[in-house]
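A structural walkthrough
Residue-level listing of the chains:
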Amino acid sequence: FAAQPVAGTTEHDKCRTCTTLTEKFLQGIENTAKSNFGGGNTDWEESRLGNFARSETRLVEIMENTCGNNAQCSYMLEAAEESLEAWWAERDSDATLHAFLCVQELKHCCPANHFGAKCKPCPVGVSEKVCSGHGLCSGNGTRKGSGKCSCDPGYSGSLCSDCSEGYFRREEEDGTLEACHVCDAACDREDGCYGPGPRMCRQKCAEGYERDGAECIDVNECTNTTICDLSNYCVNFPGSYACRGCHEACANTQRCTGSGANECEQCAPGYAKDDRGFCTDVDECTQNPGAGDDPACDVGEHCVNTPGSFDCKACDALCGADGCHGPGVAACTTCPTGYSKTDDGVCKDIDECQQENICGEHKRCVNEEAGYSCECLHGNKREDGTCQNDKDEL
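Rules used throughout
Throughout this document, residue positions are counted from 1 along each chain, in the order its sequence is written. Whole-chain, interface and lining totals are the exception, using all residues; otherwise, since this is a predicted model, local features are given only for residues with pLDDT of at least 70 and side-chain atom pairs are given and counted only at 80 or more. As a rule here, side-chain values cover all heavy atoms of the structure and leave hydrogens and water aside. For the purposes of this entry, the term helix denotes a DSSP run of H or I that reaches at least four residues, the term strand denotes a run of E that reaches at least two, and both are numbered from the N terminus. Summary of the burial criterion: residues with accessible area below 20% of their type's maximum are buried, those above 50% are exposed, and those between are partly exposed, where the area comes from a 1.4 Å probe applied to protein chains only. Contact between two residues is taken to exist if any of their heavy atoms lie within 4.5 Å; hydrogens are not considered. Defined by distance alone, a disulfide is two cysteine sulfur atoms within 2.5 Å. Any two strands are treated as partners once DSSP identifies two or more bridges connecting them. Using a grid of 1 Å spacing that covers the protein atoms alone, one calls a set of points a cavity when a 1.4 Å probe fits there but cannot get out, and a pocket when the set is open and has protein on both sides within 12 Å along at least five of seven lines; lining residues are those with an atom within 4 Å of a point. Grid points are joined across faces, edges and corners, and a volume is the space filled by probe spheres set on the points. Residue polarity follows a fixed list, in which Ala, Val, Leu, Ile, Met, Phe, Trp, Tyr, Cys and Pro are nonpolar, Asp, Glu, Lys and Arg are charged, and the others, Gly among them, are polar. Convention adopted: a line fitted to C-alpha atoms gives each axis, helices being fitted over their contacting stretch, and angles between N-to-C directions are expressed from 0 to 180 degrees. Handedness of each helix crossing follows the sense of rotation of the near helix against the far helix: counterclockwise by less than a right angle gives left-handed, clockwise gives right-handed. Aromatic pairing here means that ring centres of Phe, Tyr or Trp (its six-membered ring) are within 6.5 Å. Orientation follows from the plane angle: under 30 degrees is stacked, over 60 is edge-to-face, and everything else is tilted. Here, a charge over a ring means that NZ of Lys or CZ of Arg falls within 6 Å of the ring centre while also lying within 35 degrees of the ring normal. To count toward a patch, a residue needs a relative accessible area above 30% and no salt bridge. Like charges then connect within 9 Å, nonpolar side chains (Val, Leu, Ile, Met, Phe, Trp, Tyr) within 5 Å. Note on areas: these come from Shrake-Rupley sampling with a 1.4 Å probe, and a residue is covered only by the protein chains present in the view. By convention in these notes, a salt bridge is any Lys or Arg side-chain nitrogen within 4 Å of a carboxyl oxygen on Asp or Glu. This count recognises Lys and Arg as positive and Asp and Glu as negative, with His and chain-terminal groups excluded. Note on charges: their place is set at NZ of Lys, CZ of Arg, CG of Asp or CD of Glu. To qualify as a nonpolar core, a set must consist of buried Ala, Val, Leu, Ile, Met, Phe, Trp, Tyr and Cys residues joined through side-chain atoms within 4.5 Å. Along the chain, pLDDT gives the predictor's confidence residue by residue, from 0 to 100. Note: the arc covers the axis-to-C-beta directions of the helix.

Section: the overall build of the protein
- A count of helices and strands for the protein gives seven helices and 22 strands.
- The buried share among the 394 residues of the protein stands at 32%.
- Put simply, of all contacts in the protein between residues at least 6 apart along the chain, 29% involve residues at least 24 apart.

In structure tokens, the structure reads:
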């Protein structure tokens, strides 16, 4: 039987498609394991029609549901129909389907650990394993590829049996297979090492390390106090360092020793050191001399402290020429008409409606901000500025 080629696919794609086809076909076998002819009388059906498990009815059902919307799979299934029927009739193990169809009949794949058009064996190295067990054979299992080993990280050579630069060889715990392990970070990658740890470097230490007797140790670049720019501090790492920004409370014209406000050499403008050595915000609104109740600002303004600075905000319009010491009418230095100062110095609206009969007859008092108003009581109406009772007109 000679299968027709599947249009528009490479040999590698054909092998992948055939593998998918066989996997889906075997899934169909599993899905129909408990099925029957569907007539309701299984014993009678099998006595007349044969065993459903090996029936053509079951085969057709499996094939109809194998590929779904996969066009390449459908083309290949059509081309392989006779081969599948032959395998179905003689099958003794489902595990043989891929080898029978994809390797033997369609010749789209190779057996495992073989490659290329002629299915040559992949190269075998240490412990009789393909690529020494530390790499992949190009084209393994397909009719494509060169058979060359693509080594895992840390391994090199045509059979992946050597250690790459920066790795050393060590036996596994069972003593049966030597493995490559990465050298310590302190060792120069090209020069390599004899074994694990910073004492096993060959000659050269990695950048950022220096030799101290038999050991490569980290160089602390941060001992150079000028290695970072002003307003930055140095953080040492194994083999390297980083410059980080000082706290905002530190002067940007000086250095710092760390990230905290207590590690500034000098405080930034608007900050001062407290008893604990922390640079803390200066409240200019209480410390700076100036005019008005808030000495940092002019009359007609009040001071608002901000980190490292302050702002001057306009007083409420009702405060007048005497200014204020905060936002709103409550903070006016001199209370405007309709307000009075409380014991704690806050301007509070006067409730004129507390005065007896302030509005006169037939009216009620309504307190308002900085004043009041008078409204006619229910059953009264306003005439010529006075409230008249509707009954008085009768």
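Let's pick the thread back up.
Notes on the state of the cysteines
- Applying the stated criterion across every chain, the model contains 24 disulfides.
- Disulfide pairing is shown between Cys131 and Cys149; the S-S distance is 2.1 Å. Between Cys131 and Cys149 the disulfide shows an S-S torsion of about -90°. By sign, it is left-handed. Linking Cys131 in the loop between strand S2 (120-121) and strand S3 (135-137) with Cys149 in strand S4 (residues 149-151), this pair joins segments that are 18 residues apart in sequence. A single burial state applies to Cys131 and to Cys149, both of which are buried.

Topic: the pairing of strand S15 (residues 301-306)
- When S15 meets strand S16 (residues 309-314), the two strands line up antiparallel, connected through six bridges. In the sheet register, His302 faces S16, and the bridge partner there is Lys313.

A few points about the layout of surface pockets
- Volume-wise, the largest pocket comes out at about 180 Å³.
- Every residue lining the largest pocket is listed: Cys222, Asn224, Thr225, Ile227, Cys228, Asn232, Tyr233, Cys234, Arg255, Cys256, Thr257 and Glu265.
- Its residues assigned to classes, the lining of the largest pocket shows six nonpolar, four polar and two charged.

Here we look at the packing of helix H5 (residues 81-90) against helix H6 (residues 97-105)
- Viewed as axis vectors pointing N to C, H5 and H6 meet at an angle of 145°, and their least axial separation amounts to 11 Å. Relative to H6, the crossing made by H5 is right-handed. When H5 is examined against H6, the residues Ser83, Leu84 and Trp87 are found in contact with a partner set consisting of Leu97, Phe100, Leu101 and Glu105.
- Among the residues forming the contact of H5 with H6, the class breakdown is five nonpolar, one polar and one charged.

Examining the packing of aromatic side chains
- Taken as a whole, this structure holds two aromatic pairs when the rule is applied.
- Geometrically, the ring pair formed by Phe25 and Trp88 is edge-to-face, given 6.3 Å between the ring centres and 80° between the ring planes. Here Trp88 lies in helix H5 and Phe25 lies in helix H1 (residues 11-31), a separation of 63 residues in the sequence. You'll find Phe25 and Trp88 in the same group, each marked buried.
- Through successive ring pairs, a cluster of aromatic residues spans Phe25, Trp87 and Trp88.
- Residue placement shows Arg91 over the ring face of Trp88; its charged tip is 4.5 Å from the ring centre.
- Looking at Arg276, its charged tip hangs above the ring of Phe278, at a distance of 4.5 Å from the centre.

Things to note about unusual backbone geometry
- Within the chain, Glu128 stands out as a residue other than glycine whose phi angle is a positive 55°.
- With respect to the secondary-structure elements, Glu128 resides in the loop between S2 and S3.
- A positive phi angle, near 70°, is found at Ser231, a position not held by glycine.
- Along the chain, the position of Ser231 falls in the loop between strand S10 (215-218) and strand S11 (232-237).

Quick look at a negative patch on the surface
- On the surface, Glu56, Glu78, Glu81, Glu82 and Glu85 cluster together to form a negatively charged patch.
- Examining the composition of the negative patch, we find that three residues originate from one element, H5, more than from any other.
- Considering the arrangement of structural elements, one finds Glu82 in helix H5.

Some details on the pairing of S10
- Two elements, strand S9 (residues 209-212) and S10, share four bridges in a ladder whose sense is antiparallel. Residue pairing in the sheet places Arg211 in a bridge with Cys216 of S10.
- Linking S9 to S10, which pair antiparallel, is a turn of two residues; within it Gly213 sits at a positive phi near 70°.

Comments concerning the environment of Phe52
- Inspection of the secondary structure assignment puts Phe52 in the loop between helix H2 (42-49) and helix H3 (56-64).
- Residue classification places Phe52 among the buried positions, given a relative accessible area of 3%.
- For the pair Phe52 and Ala33, spaced 19 residues apart in the sequence, the C-alpha separation amounts to 9.5 Å.

Digging into the nonpolar core
- If you look at the biggest cluster of nonpolar residues, it comprises 23 residues, and the most contacted ones within it are Leu21, Phe25, Leu84, Trp87, Trp88 and Leu101.
- Elements with a minimum of two residues in this core: H1, H3, helix H4 (71-79), H5 and H6.
- Apart from residues lying up to four places away in sequence, Leu84 is in contact with Leu21, Phe25, Met63, Leu77, Leu97 and Leu101.

Describing the pattern of salt bridges
- The tally for this structure, following the rule as stated, stands at five salt bridges.
- Note that Glu215 is salt-bridged to Arg199, the shortest N-O span being 3.8 Å. On the criterion of sequence distance, the pair formed by Glu215 in strand S10 and Arg199 in the loop between strand S8 (178-182) and S9 is long-range, its members being 16 residues apart.

With respect to the confidence of the model for the protein
- Across the protein, the average pLDDT comes to 86, with 88% of residues at or above 70.
- Scored below 50 in pLDDT, residues 1-6 shows 13 contacts in the model against residues more than four places distant or in partner chains.

Here we look at H5
- The complete set of buried residues in H5 reads Ser83, Leu84, Trp87 and Trp88. The buried side chains of H5 occupy one side of the element, clustering within an arc of 135° when seen end-on. Seen from the open side of H5, the exposed residues pointing more than 90 degrees away from its buried face are Glu82, Ala89 and Glu90.

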